[in-house]
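# Observations on chain architecture
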Amino acid sequence: MTQQGVRRPADRVSALAPDAASRRTGSGLDERTEERTAKEREEEKPASGGPADPEAARRRAERREQRVTAGVTELEQRLADLLRGGLASAEQTGYAWWDETAARMVDAQAPGLAAKARELGAIPASGPGWPARLLEECALLHLLAQGWLRRDRLPDALAATVRSRIGLPASADGPPLRDSWLVLAQYDTADPKLTVRRIWLHGTDSGHTRLVLSYGAAGRAPELSLPVGHILEADLTAFPGAGQLRTALGERYAPPAPAATRPEGLSTARAMAHYGDALREDPWLDTVPVTLEGVVPAPGERPGTWQLADAEGDSKTDPAADAALPLTSAFLARPGLWRLIALSGGTPLTVFGELGHRGFTPLTAWPAHPGAPVTLH
């Protein structure tokens, strides 16, 4: 991998839409969507105040799917108009056009599409090369829209992924997996309405890496908190969808306890191959969790950039040895970069983080010698 970052493969669009050349869901529903959903739930309740009527719930689901389909159809037309008029028009119209598109997707009860439209609205102001980035993201959004319109022809797991990316609610319904889960990382993201806590867990027996989300009101920390480097014996239940890593935390059999263990890691080349495999399951993935082993932070080719490179490997005999992973610009702006450099001191580390087309974001690092993990976020 070069300093340009991991590129999302363009040929993945053919998985759903043969004509696709011609596409962290928002953290919550918009106010209008919340109001409408609450109203419909009230309509479902029988007069006696008992449990919701299953038939009413079915009719509500059908009405929502009809709204989503109408919204997706409108989105496709808007994207076609944008491309027909030229991407330069996106810079001229500014953010207002995308904000209006997002509002229309909220009205269609598709919060995932609304969140994506808002993200696309910021691309024209993102610096040189923005037209290529906007075109790529429009293609992915088109792919998602086509996936929804053709959902009855998709495998069940992929159809569930499309529903999740559109923003339709889902419940964890897989079989519980009991394991001793090592807490790899925990960090919060916040917006004006919600605080989202992301907790990455690694099963010491299963080898699976899974995500648990916890929510809190704006300005308040979510209730669930698990110390990094501790082990928790518990059940995790998966959410539906191809390549889905999100799980719900179930029964806990013991409180978290400090652990001397650390996850096994990959080389940078194998990490990139892992990301490519994950995109086959879910083409809309921004990042995948990856543990790198035996890597050192080093300056990149361009001034001010940094990368993680394999400590061992000869590029003359192993071309993959040059596949260093650039660190994301967001991480470079945080103090975690200097903690990472100081922890390494030129010696190889084990580093867990999120790998995507923008690069690698380290979240936790373990020193070469026995020692406690260091959080980097």
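As a reminder, the structure under discussion sits directly above these lines.
In this report, we go over the structure that sits alongside the text.

Conventions used here
Residues numbered from 1 in each chain as written. Predicted model: local features only at pLDDT ≥ 70, side-chain atom pairs only at ≥ 80, totals over all residues. Heavy atoms only, no water. Phe/Tyr/Trp six-rings, centres within 6.5 Å; stacked < 30°, edge-to-face > 60°. Helix = DSSP H or I, 4+ residues; strand = E, 2+ residues; numbered from the N terminus. Buried < 20%, exposed > 50% of the residue type's maximum accessible area, 1.4 Å probe, protein only. Pairing = 2+ DSSP bridges. Contact = heavy atoms within 4.5 Å. Axes fitted to C-alpha atoms, helices over the stretch in contact; angles between N-to-C directions.

To continue, consider the packing of aromatic side chains. One pass over the full model with this rule turns up three aromatic pairs. Geometrically, the ring pair formed by W200 and F352 is edge-to-face, given 6.2 Å between the ring centres and 65° between the ring planes. With a gap of 152 residues between them, W200 in strand β2 (residues 194–203) and F352 in strand β10 (residues 349–356) connect regions that are remote in the sequence. Residue classification places W200 among the buried residues on the basis of a relative accessible area of 3%.

Positioned with a positive phi, Q109 is a non-glycine residue whose angle comes to about 60°. In this structure, Q109 sits in the loop between α4 (95–107) and α5 (111–121).

This paragraph deals with the pairing of β2. β2 sits mainly inside the fold: 10 of its 10 residues count as buried. Of the two faces of β2, the one lined by L194, V196, R198, W200 and H202 and the one lined by T195, R197, I199, L201 and G203 are each fully buried. Relative to β2, strand β1 (residues 177–190) runs antiparallel, the two sharing nine bridges. For Q186, the partnering residue across the bridge sits in β2 and is I199. Hairpin connection between β1 and β2: a loop of three residues separates the two successive antiparallel strands. Bridge count between β2 and strand β3 (residues 209–217): nine bridges; the pairing is antiparallel. Its bridge partner lying in β3, R198 is registered against L213.

If you walk across this open sheet you meet the six strands as β9-β8-β7-β10-β11-β12, and the pairing is antiparallel. Of all the strands in the sheet, just β9 (325–326) and β12 (374–375) have a single pairing partner and so form its edges. Where β10 and strand β11 (residues 359–366) come together, seven bridges link them in antiparallel fashion. When the bridges of β11 are listed, T350 appears paired with W366. Running at roughly 160° to strand β7 (residues 287–299), helix α8 (residues 268–281) makes contact with β7, β8 (306–310), β9 and β10 of the sheet.

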